[in-house]
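For reference, the chains in residue letters:
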Amino acid sequence: MADAAGRLTKLAEEVLGAPLPVRIRAWDRSESGPPGAPTLVIRHRRALRRLLFKPGELGLARAWVAGDLDIEGDLYEALDRLAGLIWERDDAPKPQRAAVLRALVRPEIRAAARELLSLAGAPVPPTPPAEEVRRRRGPLHTLRRDKEAISHHYDVGNDFYALVLGPSMVYSCAYWESPEATLEDAQRDKLDLICRKLGLREGRRLLDVGCGWGSLVLHAAREYGVRAVGITLSEEQATFARKRIAEAGLADRIEIRVQDYREIKDEPFDAISSIGMAEHVGRTQYAEYADALYSLLKPGGRLLNHQIARRPLADEEAYHVDEFIDRYVFPDGELAPIGRTVGQLEDAGFEVRDVEAIREHYALTLRSWVTNLERHWDEAARLTSAGRARVWRLYMAASALSFERNRIGVNQVLAVRTPEGGTSGVSLRERTWNG
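Each value, and the rule that gives it
Residues numbered from 1 in each chain as written. Predicted model: local features only at pLDDT ≥ 70, side-chain atom pairs only at ≥ 80, totals over all residues. Heavy atoms only, no water. Helix = DSSP H or I, 4+ residues; strand = E, 2+ residues; numbered from the N terminus. Rg over C-alpha atoms; globule rule 2.2 N^0.38 Å. Buried < 20%, exposed > 50% of the residue type's maximum accessible area, 1.4 Å probe, protein only. Contact = heavy atoms within 4.5 Å. Areas by Shrake-Rupley, 256 points an atom, 1.4 Å probe, with all protein chains shown as cover. Axes fitted to C-alpha atoms, helices over the stretch in contact; angles between N-to-C directions. Parallel < 35°, antiparallel > 145°, perpendicular 65-115°, else oblique. Left-handed = near helix turned anticlockwise from the far one by under 90°. Disulfide = S-S within 2.5 Å. Pairing = 2+ DSSP bridges. 1 Å grid on protein atoms, 1.4 Å probe; cavity = no way out; pocket = protein on both sides within 12 Å on 5 of 7 lines; lining within 4 Å. Points joined across faces, edges and corners; volume = space filled by probe spheres on them. Nonpolar A, V, L, I, M, F, W, Y, C, P; charged D, E, K, R; others polar.

Helix and strand counts for the chain come out as 17 helices and 11 strands. For the chain, the C-alpha radius of gyration of 24 Å lies close to 22 Å, the compact-globule estimate for 435 residues. Each principal axis of the C-alpha atoms in the chain carries an extent, and together these give about 75 × 45 × 45 Å. The buried share of the chain, reckoned over its 435 residues, is 52%. Restricting the contact set of the chain to residue pairs at least 6 apart, pairs at least 24 apart contribute 73%. Counting every atom, the chain has about 20,000 Å² of accessible surface; 52% of that belongs to carbon and sulfur.

It is worth spelling out the packing of helix 2 (residues 46-53) against helix 3 (residues 57-66) at this point. One way to put it is that helix 2 packs onto helix 3 with a least axis distance of 8 Å and a crossing angle of 155°. The pairing of helix 2 with helix 3 is recorded here as roughly antiparallel in orientation. As helix 2 runs across helix 3, the sense of the crossing is right-handed. Contact residues: helix 2 offers A47, R50 and L51, while helix 3 offers G59, L60, R62, A63 and A66.

Turning our eyes to something else, we now look at the state of the cysteines. The tally for this structure, following the rule as stated, stands at 0 disulfides. You can see C195 has no disulfide; the closest cysteine sulfur is in C211, sitting 14 Å from it. By relative accessible area, C211 is classed as buried at 6%.

In this section: the sheet that holds strand 6 (residues 227-232). Taken together, the 7 strands give an open sheet; going across it, the order is 7-6-5-8-9-11-10, and neighbouring strands pair in mixed fashion. Bordering the open sheet on either side are strand 7 (254-258) and strand 10 (351-357), each of which pairs with just one other strand. Looking at each pair of strands side by side, their axes are set apart by 15° on average, direction ignored. Along the sheet, helix 10 (residues 215-224) contacts strand 5 (205-209), strand 6, strand 7 and strand 8 (269-275); its crossing angle with strand 7, the most-contacted strand, is approximately 165°. Running over the sheet, helix 12 (residues 286-296) touches strand 5, strand 8 and strand 9 (297-310) and is turned about 150° from strand 9.

Rolled over the atoms, a probe as big as a water molecule pinpoints where empty space is left. Its volume calculated, the second largest pocket comes out at about 260 Å³. Along the wall of the second largest pocket there are 15 residues; nearest its centre are V133, R136, R137, R145 and E148. For the lining of the second largest pocket, the residue count by class is 4 nonpolar, 3 polar and 8 charged.

Glancing now at empty space enclosed by the protein. Per the stated rule, a full pass over the model turns up 1 cavity of 30 Å³ or more. Considering only enclosed or pocket space, the largest cavity measures out at about 30 Å³ in volume. Lining the largest cavity we find N305, Q307, I308, A309, I338, T341, N411 and V413. Those elements that provide at least two residues to the lining of the largest cavity are strand 9, helix 14 (338-347) and strand 11 (408-416). If you tally residues by element for the lining of the largest cavity, the top one is strand 9, at 4 residues. Partitioning the lining of the largest cavity into residue classes produces 4 nonpolar, 4 polar and no charged.

Spelled out as structure tokens, the structure:
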């Protein structure tokens, strides 16, 4: 059928009740929409079948990962324009939402829907991309299920992550002096900031929960003379970290384990870092997580919890993880508002001494990672798969926009297991981070 793009544009605008903010190019080479705008490229009518069988975010995600759907032009601008429509709908007052629902049953909309069915072709549900996590069974956040979730995200090849992250091999928000700084400098500054907040010095013992490829424990041992234990659930990360540590001549000071935080028995530690790991813990397990870290610290010991936070909801029970993130990026991951995180750390017995919001820093970090991925696109796709590379590009670009627009944030929470006598060990001018 000719002019598929025009027909799809008309359908979208009738459903949305607003002009489509991007162009559409369809598989028949037809185009429609505002000139000069980013272009949504529908490479195959299979993309429509994915949407028909899984309407909404999951259908779009499958079409993107499979390569049935693409964007030409500025990816950030395209996502920002499309996200603006989505969030405006989510935030719409109930009368407006009701109007949208009424529009969906109008005769002309039903006719457009029938046309969409004819455009989609054979009424057979396409197979989901291989990169999608299949249906999971059993209770959330058991030791086995958490290990499987971590493996899905991190065991996709150390060489792939090296392309994206750069030489630092740090997969968490960097700490930027200015937007003109390099990613390597910003990551080094972040590692050093953590060490100073934790008050590390010669002879102290550090536990890094979710140690990744070992960058923090290496920095802490080399620059501050500590002994360190790093734990991860990723076999590939552990292998890489051990090799780096051996090459640095620090194997006598650093131990890397494939271990869950719930399995540690050789406490106490002088300091604990948890950097970008608590997002995997989950609401049902967070109290146990906070209790476990408290019990692993010596009296006077410090915890640095670096964690992504979402905005609070009027009805917290309505919170759900985005389907794209859950199926393709962080299976079983959950975000919490910063207030809840601080409250649960306090409930465990911690004295929270400082909360530093570094939301804008993560946007800069993610944009740098996207640039790295795009610069090495062919090699990244070869090392994993084209679908996996597409997952990471979309996830990181969309996340950068979410941080920039204050839809999510990231915070470093410094907490102390303050002894009964009340001496925290934190200096009077806390943000000098001495001690």
